[in-house]
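Coordinate analysis (summary)
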Amino acid sequence: MTHVPLHETLRQSAITGAVLRVLHLNWPHPLDLAPSTLDPAAVGEDGLFVQSIRALVDEGLIAIEALLIGAGDEPVARGALLTHKGAAMLDQVTRPM
């Protein structure tokens, strides 16, 4: 079992939530995402941003054209888009009861 500091876990969750929120608001249109496009507080959280993008792709919730790392000032998820699975999952958890 790895011990990840609580602050890092909470930041990871916030960045993942921000990615999903932005993509959900813009669905079905793809976007280029970077930490600075999500939240000014996410600037400098490049490693957590990359982990969030990779985890969401691995779970099949988002698709991306490319993940650019080291090509600019911050990583960019080019052409990020919620998959149908991701959109359906968010509709299930965000619909009014």
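Look up: the structure comes first, before these words.
So, here is what we can say about the structure in this document.

**A few points about the overall build of the protein**
A count of helical and extended segments in the protein gives four helices and four strands. Put simply, the protein runs from its N terminus to its C terminus through helices and strands in the order α-β-α-α-β-β-β-α. Expressed as a percentage of its 97 residues, the buried residues of the protein come to 32%. Sequence-distant contacts, at least 24 apart, represent 57% of the contacts inside the protein between residues at least 6 apart.

**A look at the packing of helix α1 (residues 6-26) against helix α3 (residues 46-58)**
The interhelical angle for the contact between α1 and α3, taken along N-to-C directions, is 55 degrees, at an axis separation of 9 Å. The angle between the axes of α1 and α3 places the two elements in the oblique class. As α1 packs across α3, the resulting crossing turns out to be right-handed. Of the residues in α3, those in contact with E8, R11, Q12, I15, T16, V19 and L20 of α1 are L48, F49, Q51, S52, I53 and L56. A breakdown of the residues in the contact of α1 with α3 according to their chemical character gives seven nonpolar, four polar and two charged.

**Let's talk about the pattern of salt bridges**
According to the stated counting rule, one finds two salt bridges in the structure shown. A salt bridge links R11 to E45, with the shortest nitrogen-to-oxygen separation between them at 3.5 Å. Of this pair, R11 sits in helix α1 while E45 sits in the loop between α2 (35-38) and α3, and the two are 34 residues apart along the sequence. For the pair R11 and E45, one class covers both residues: buried. Residue D32 is joined to R78 by a salt bridge in which the shortest nitrogen-to-oxygen separation is 3.3 Å.

Parameters at a glance
Residues numbered from 1 in each chain as written. Predicted model: local features only at pLDDT ≥ 70, side-chain atom pairs only at ≥ 80, totals over all residues. Heavy atoms only, no water. Helix = DSSP H or I, 4+ residues; strand = E, 2+ residues; numbered from the N terminus. Buried < 20%, exposed > 50% of the residue type's maximum accessible area, 1.4 Å probe, protein only. Contact = heavy atoms within 4.5 Å. Axes fitted to C-alpha atoms, helices over the stretch in contact; angles between N-to-C directions. Parallel < 35°, antiparallel > 145°, perpendicular 65-115°, else oblique. Left-handed = near helix turned anticlockwise from the far one by under 90°. Nonpolar A, V, L, I, M, F, W, Y, C, P; charged D, E, K, R; others polar. Salt bridge = Lys/Arg side-chain N within 4 Å of Asp/Glu carboxyl O.

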